[in-house]
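Each chain, letter by letter, is given below.
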Amino acid sequence: MPGDKSISHRAIMLCALAVGESRISGLLEGEDVLATAAAMRAMGATVERLGDGEWRVCGVGVGSLLQPQAPLDMGNSGTSTRLLMGLVASHPIEATFTGDASLSKRPMGRVVEPLSKMSAAIESSDGGRLPLTVRGASPAVPITYRLPVASAQVKSAVLLAGLNTPGITTVIEPVPTRDHSERMLAGFGAELSVEVGTDGTRTIRLVGETGLKPQEIDVPGDPSSAAFFIVAALIVPGSELVIENVGLNPTRAGLITVLRAMGGSIEELNPRQVGGEPVADLVVRHSALKGVEVDPALAPSMIDEFPALFVAAALAQGRTVTSGLDELRVKESDRLSVMAAALTLAGARVEEREDGLVIEGTGGEPLEGTRSSGRPVATHLDHRIAMSMAVAGLASRQGVEVDDTRPIATSFPAFEAMLDGLTR
Ligand code: S3P
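Residues numbered from 1 in each chain as written. Predicted model: local features only at pLDDT ≥ 70, side-chain atom pairs only at ≥ 80, totals over all residues. Heavy atoms only, no water.

**Focus: the pairing of strand β1 (residues 20-25)**
Here comes step 1: Bridge count for β1 against strand β3 (residues 54-59) is five bridges, and the pairing is antiparallel. Each bridged residue has a counterpart across the sheet, and for Ile-24 the counterpart in β3 is Trp-55. (Pairing = 2+ DSSP bridges. Helix = DSSP H or I, 4+ residues; strand = E, 2+ residues; numbered from the N terminus.)

**What to know about the site of the ligand**
Here comes step 1: Near the ligand you find Ser-6, Arg-10, Thr-79, Arg-82, Ala-150, Ser-151, Ala-152, Gln-153, Arg-178, Ile-303, Asp-304 and Lys-331, and these make up its full shell.
Here comes step 2: Ser-151 has a polar side-chain atom sitting 2.6 Å from an oxygen atom of the ligand.
Here comes step 3: Burial of the ligand by the protein amounts to 95% of the accessible area it has alone, namely 380 Å².
Here comes step 4: If you list the elements that add at least two residues to the shell around the ligand, you get α1 (5-17), α3 (78-89) and α5 (152-163).
Here comes step 5: A per-class count over the shell around the ligand returns three nonpolar, four polar and five charged.
Here comes step 6: Counting residues domain by domain, the shell around the ligand receives three or more from each of domain 1 (5-218) and domain 2 (223-422). (Near = heavy atom within 4 Å. Polar contact = N/O pair within 3.5 Å; in protein donor to acceptor, adjacent residues only side chain to side chain. Areas by Shrake-Rupley, 256 points an atom, 1.4 Å probe, with all protein chains shown as cover. Nonpolar A, V, L, I, M, F, W, Y, C, P; charged D, E, K, R; others polar. Domains from an automatic or database assignment.)

**Structural notes on the sheet that holds strand β5 (residues 94-98)**
Within a sheet, each strand pairs with its neighbour through backbone hydrogen bonds, oriented either parallel or antiparallel.
Here comes step 1: In spatial order, the strands read β4-β5-β7-β6; together these four strands make up an open sheet with mixed pairing. On the outer flanks of this sheet lie β4 (72-73) and β6 (121-125), each paired with one strand and no other.
Here comes step 2: Where β5 and strand β7 (residues 129-135) come together, four bridges link them in antiparallel fashion. Across the sheet, residue Ala-95 finds its bridge partner in β7, namely Val-134.

**Digging into α5**
Here comes step 1: Its 12 residues give α5 an end-to-end C-alpha distance of 16 Å, which sits within 8% of 16 Å, the value for a rise of 1.5 Å per residue.
Here comes step 2: Of all 12 residues making up α5, 12 are buried, and the element is well covered by its neighbours.
Here comes step 3: Taking the backbone nitrogen of Gln-153 as reference, a side-chain oxygen 3.2 Å away marks Ser-151 as the first, capping residue of α5. (Expected span 1.5 Å × (residues − 1). Buried < 20%, exposed > 50% of the residue type's maximum accessible area, 1.4 Å probe, protein only.)

**Considerations on the domain arrangement of the protein**
Here comes step 1: Entries for the protein in the domain assignment read domain 1 (5-218) and domain 2 (223-422).
Here comes step 2: The C-alpha-based centres of domain 1 and domain 2 are spaced at 29 Å.
Here comes step 3: Contacts between the two partners involve 25 residues from domain 1, matched on the other side by 23 residues from domain 2.
Here comes step 4: Here domain 1 and domain 2 share an interface that buries about 1,900 Å² over both sides, 49% of which is from carbon and sulfur atoms.
Here comes step 5: By the criterion of area lost to domain 2, the three top residues of domain 1 are Arg-106, Arg-178 and Arg-183, representing 28% of everything that side buries.
Here comes step 6: A salt bridge links Arg-178 to Asp-304; the nearest nitrogen and oxygen atoms lie 3.4 Å apart.
Here comes step 7: Seen at the junction of domain 1 and domain 2, the total is 14 residue pairs in polar contact (both at pLDDT 80 or more).
Here comes step 8: Ranked by residues supplied to the side of domain 1 that touches domain 2, first place goes to α1 with three residues. (Contact = heavy atoms within 4.5 Å. Buried area = accessible area lost by both parts, 1.4 Å probe. Salt bridge = Lys/Arg side-chain N within 4 Å of Asp/Glu carboxyl O.)

Next comes the structure, spelled out in structure tokens:
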């Protein structure tokens, strides 16, 4: 599997803030991560590609980011936008963020609110959207912020702003989300502590204005990219697939828990640590899946994997019920309505509810596919819709056509070649 997208963004940002030379291997070279690399270059860091996934970064030091000379084009990437807004918020610089049609619809108010409390001045377009300009505060004001939505991007934006803020910045997380920022900040030598309460609430405290030390980082493979191949192997009769280098951080591994509960055969081999994260190779075999009710508490640990899960559910025996997924409506697309429409077009039985989908599976019978409908699936600039529906096509009579595969390059440029290689 190619490098983890979340970890790749953070690796570039933190290397660019450490004084001196860092090396990254296994970096995901998708468009989203390249947008982060370009932004860090525009703010003074040297970010160079040495070879396949091998990168060299010379950082400027916390507090020394330079004023970018042009708007920062974030493309399709919400992670780049929200995390970089955090970095800019506590530096004495001003940056304008722009993005594509999908990103320009996504809510930024969730980061504008805490960063404004830290004294950044932020002017956004209507509804708290891009284009948006952040004028950083110097010094910024440390805050204690309780996350109103379970969002690793909001948590990370506040922590990254806290790096150049005097005093202690505190984030309280009632529901745990991916913890790559905390792990990596600690690895770079930041003074950071995480306290877990009896009810599972996590309190993260970061001491500001301490330097970061350059690192050599190995980026583990992305479980969110592996998800498409895991589901493909489960639903295509006769499959047995070894997927190497899959990150298994518990804050990311919810899909595997749910697929196993559906009867999926997923074995872990060769468990190891890569870049401070648990990793294994997976052996996935075709399985007779059964529908389940998905515990909404698992949602944050599989938030990007629901499109793939919906495809598995469409092929399972019986009904799969998901709920508590309001956040899916503000991803690269509204993933509840877009997946409901896409799967229905391909012949699945799907009911869209306010906060989830209910899917009545075929019991292993292939889906009809899209050809007879005479139109392709509409992917709405969402890479994960395109990849999920490509996988659905493998378990369909007529095949599934998607209208636009270009967004796949944002997170998984090798996807089509890999899928093609497997199905020949
Ligand atoms: C991410 C956090 C999640 C996820 C996104 C990557 C991150 O977003 O959907 O793909 O790297 O922090 P939210 O913070 O909006 O849940």
